[in-house]
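Observations on the model geometry
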Amino acid sequence: MLRYTLRRLLGAIPTLFLVIVLAFLLVHAAPGGPFDDERALPAEIEANIAAAYHLDEPLPMQFLRYIGGVVRGNFGPSYSYRDYTVSELIGRSFPVSVQLGALAMLLATVVGVSAGIVAALKNNSPLDKVVMAFAMTGISVPVFVVAPLLVLLFAVKLQWLPASWTGSEGGSRLLLPVLALALPQIAYVARLTRASLIEVLSSDFIRTARAQGLGTLAIVRYHALKPAMLPVLSYMGPAVAAVLTGSVVVEEIFGIPGLGQLFVRASLNRDYTLVLGVVIFYAALIVLLNLLVDLLYGAVDPRIRRR
Amino acid sequence: MKKTRLLPVILVTLAAGAIMLAACADRTADQPDAPALNRALSTDPESLDPQKSRSVQAADVLRDIGEGLVAYDAAGELVPGTAKSWEMSEDGLTHTFRIRPDARWSNGEPVTAADFVFGLRRLVDPATAAFYAAELGNVVNAADIVAGKRSPDELGVTASDDHTLVISLVRPTPYLLSLLTHPSTFPVHRGSVRQHGDAFARAGNLVSNGAYVLADWEPGAIIELHRNRLYWNDAETSVDVVRHHIVAQEMAEFNRYRAGELHFTSTVPPENFEQIRAEYGDELHVAPTLGVYYYGFNMTKPPFRDSPELRQALSMAIDREVLVEAITGRGEAPAYSWVPPGIHNYEPVRLSYAELSQQERNAIAQSLYRKAGYGKDNPLRFELRYNTSDTQQRIALAVQAMWREVLGAEAHIVNVEFQVLLDQMRERAATQAFRSSWFGDYNDANTFLAIMQGDSAANMPGYSNPEYDDLMRSAGEQVDLDRRRLYLEEAERVFLADHAVIPLYFYVSKHLVKPDVEGWQDNILDYHYSQHLSLGAAEQDGRP
């Protein structure tokens, strides 16, 4: 297991390097520079600024300088936050996104799995229909519609919850963003759980368990739930990705200082170093998450571990 | 691992989540309950280093925490800032400022003339790479220092003693006082720059001389300022805590205002503006500002380079009244001049056809269009580029329709990302016609007219007319303000007659302001210093 993990981690280095090269070329290929503005600057001033940020050097030189920094753990100064370094900005915003994402995933799993179980057990009943109708809606309505609606209802009309991150200092500021982010995932997880559980419940070993006189709840808990969770577990990877991308929208709407919002603004501002820093960070994160999911998969399903 | 029990795993994760929630709830405890003014910024400042900052948003915050020699009052009139008085020599080339003896940095040290010298040298020093370095172009040796030909010590700004600052100019600069209100000319605390280097402008390090000090900056979320008790005019400050919330979306900002999280907004969303006007009445403030929205022609390439008739025809065929009433609809004024009305000591020149009705304009436009060699069988086909945005698109669609209807001209409208448009405007290769805007840096016509000189970097159309450049140069040599004004007005007349741009409308500032905010005044600069504002009695007990 340890050797496997190490091998996977070492294998990630060329991947990351490739990501850096591609990202570097792409951000520099995008038209416009980090300091362009409608208030265009006189040539001398432009030259001074380019020199201060080494933007006057040929691209290969800039790349070497950048890679040299990255190897030493220095992602350079941000262009659009001139008082901060890229590492600081990522270090500040990532925990915020993690908190948001983790809570959304938690909510999605707990509510989604419970709803899925209920729907599966009451297969084809009115309750099942209601749960699945709700799930369909959750999947179809995009976050950028749900989030403002939640704000309108809970913050503007009822005034129960803050409309934004900075509208309150307490944990209540997390409720609406987490809900907005979790809703589509709750729906997905509920549908997956339901479908998978229905399938498992109709298999032979469950019939055997039933024949031995076990009650429905016991069957679900001790026999059916674990195999039924496999598809849900493998959905966790894509779900994390969806929550990460969804958080871009949610962070923008609620004004949350997370990584998603930082990334979007950095791209629009052509903040080369910040964009690259976030891309590298995301890439490393995805490599790690994939590894984690594979390891977890092995832990849950022995058949995969023995391969 | 023989029997994985899902239930305990879920319970443990739930508990962890609850602890995380509780941990952030704890932060409420160390928050002061002092009355706070909650205002909004549409993006983070790129820096709170006065010389390195550039954006309107940075300037908004810097005007709260720093102070220049000169400042503005709530109505937007010039008033003494850290300088208590000043005088100008007869030739207009030497300005002497007396610094207030009671001016203090937030750490208690006195603010001296040397601090201003340090700040201004820092501004022109190429090593600082300041965006506004060119603003001081009229100060002795400034241009050479920016170009790296002289050392920053040679700047024509000297401290004759701790409280006397002398600025020497190469030509009269009637707008010098306005320039000296700009954050890029603010003094800098020398000790903290020496101690912290590039990091001196961070919360905890920044020593400032304004009504507030920087307490915290959470990028992407909030900038919190606390009252500076050592500020020379602290007796006039009312609000103890100012929070600049970063709100990117106009709709989100409006919702935060409605939820009571903001005392005033930085703008008002274009959707349902009429409804907002009806619903919020007195809370809605709409006022003219120093900004012009225009379409420019690429003056370096056909078809527009050699055809003033064509440019004029396209300019005349646009019904600006329809644009501001039906499309923008937020109180904008149709633009018939380049310099906005209301600017200090200036009477904007109007386009020659401004007094005609739209029917008359259309008739003339049609004959000019034919004279330029176009007609029904041979329509003009060109591209109009604008940056992706809903308002931009609606205006472009309307103008496209007007051009088609009045002239039969076929404009192909192309939307590109803002940074891409900037790039293309400057290269003048892909662009034929484009949308752009200009906002005045100071309250003087020069800030609008100077950018259209042949050598100006912000001259997006690539306009070049020696007559115009001569008039601008002559205006720059005048000490007498009335004579200078005549030169500037003549220059604008020449510029407008060339139709290098189509001014469409003048921007307005739009704010929603809660009734309990006192001291608010609409002004053409749209500056609202927090130190001029106070909160009514209802607000004094904490969060709104």
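Structure first, text after, so check above.
Residues numbered from 1 in each chain as written. Chains lettered and ligands numbered in written order. Predicted model: local features only at pLDDT ≥ 70, side-chain atom pairs only at ≥ 80, totals over all residues. Heavy atoms only, no water.

Regarding the sheet that holds strand 5 (residues 94-99) of chain B
Neighbouring strands of a sheet are bound in pairs by backbone hydrogen bonds; such pairs are parallel or else antiparallel. All names here are of chain B. With antiparallel pairing, the 4 strands of this open sheet are ordered in space as 4-5-7-6. Of all the strands in the sheet, just strand 4 (83-88) and strand 6 (157-161) have a single pairing partner and so form its edges. Across the sheet, the mean angle separating the axes of adjacent strands is 20° when strand polarity is ignored. Across 5 bridges, strand 4 lies against strand 5 in antiparallel orientation. Counterpart to M88 in the pairing with strand 5 is H95. Where helix 3 (residues 113-124) meets the sheet, its contacts fall on strand 5, strand 6 and strand 7 (164-168), and the angle it forms with strand 6 comes to roughly 170°. (Pairing = 2+ DSSP bridges. Helix = DSSP H or I, 4+ residues; strand = E, 2+ residues; numbered from the N terminus. Axes fitted to C-alpha atoms, helices over the stretch in contact; angles between N-to-C directions. Contact = heavy atoms within 4.5 Å.)

Let's talk about the pattern of salt bridges
All names here are of chain B. What the rule picks out here adds up to 27 salt bridges over all chains. The salt bridge partner of R150 is E154, with a shortest N-O separation of 2.8 Å. Looking at R150, the relative accessible area reads 34%, which means it is partly exposed. According to the relative accessible area criterion, E154 is partly exposed, its value standing at 35%. The residue R493 makes a salt bridge to E490 at a minimum N-O spacing of 2.7 Å. With a gap of 3 residues between them, R493 and E490 both fall in helix 16 (residues 481-498), about one helical turn apart. A residue is classified by how much of its surface remains accessible, and E490, at 30% relative accessible area, is partly exposed. (Salt bridge = Lys/Arg side-chain N within 4 Å of Asp/Glu carboxyl O. Buried < 20%, exposed > 50% of the residue type's maximum accessible area, 1.4 Å probe, protein only.)

As for the interface of chain B and chain A
Listed by partner, the interface residues are 70 residues for chain B and 62 residues for chain A. When chain B packs against chain A, close to 5900 Å² is buried across both sides, 54% of that on carbon and sulfur atoms. In terms of surface lost to chain A, no three residues of chain B exceed R54, F131 and Q419 of chain B, which account for 11% of the buried area on that side. Taken together, the links from chain B to chain A amount to 3 salt bridges. Residue R426 of chain B is joined to E46 of chain A by a salt bridge in which the shortest nitrogen-to-oxygen separation is 2.8 Å. Linking chain B with chain A are 20 residue pairs in polar contact (both at pLDDT 80 or more), by the criterion used here. Among the elements of the structure, helix 1 (6-25), strand 8 (212-218), strand 10 (241-246), helix 7 (250-258), helix 13 (418-427) and strand 15 (433-439) of chain B are those that each provide at least two residues to the side of chain B that touches chain A. When residues in the side of chain B that touches chain A are grouped by element, the largest group, 9 residues, is from helix 1 of chain B. In terms of residue class, the side of chain B that touches chain A is made up of 36 nonpolar, 15 polar and 19 charged. (Buried area = accessible area lost by both parts, 1.4 Å probe. Polar contact = N/O pair within 3.5 Å; in protein donor to acceptor, adjacent residues only side chain to side chain. Nonpolar A, V, L, I, M, F, W, Y, C, P; charged D, E, K, R; others polar.)

Re the sheet that holds strand 10 of chain B
Residue and element names in this part refer to chain B. The strand order across the open sheet formed by 4 strands is 1-10-9-8, and the pairing between neighbours is mixed. Of all the strands in the sheet, just strand 1 (36-41) and strand 8 have a single pairing partner and so form its edges. On average, adjacent strands in this sheet sit at an angle of 20° to one another, irrespective of strand direction. Relative to strand 9 (residues 222-227), strand 8 is paired through 6 bridges, and the arrangement is antiparallel. In the sheet register, V213 faces strand 9, and the bridge partner there is H226. Helix 2 (residues 56-65) rests against strand 1, strand 8, strand 9 and strand 10 of the sheet, and its axis sits at about 155° to strand 1.

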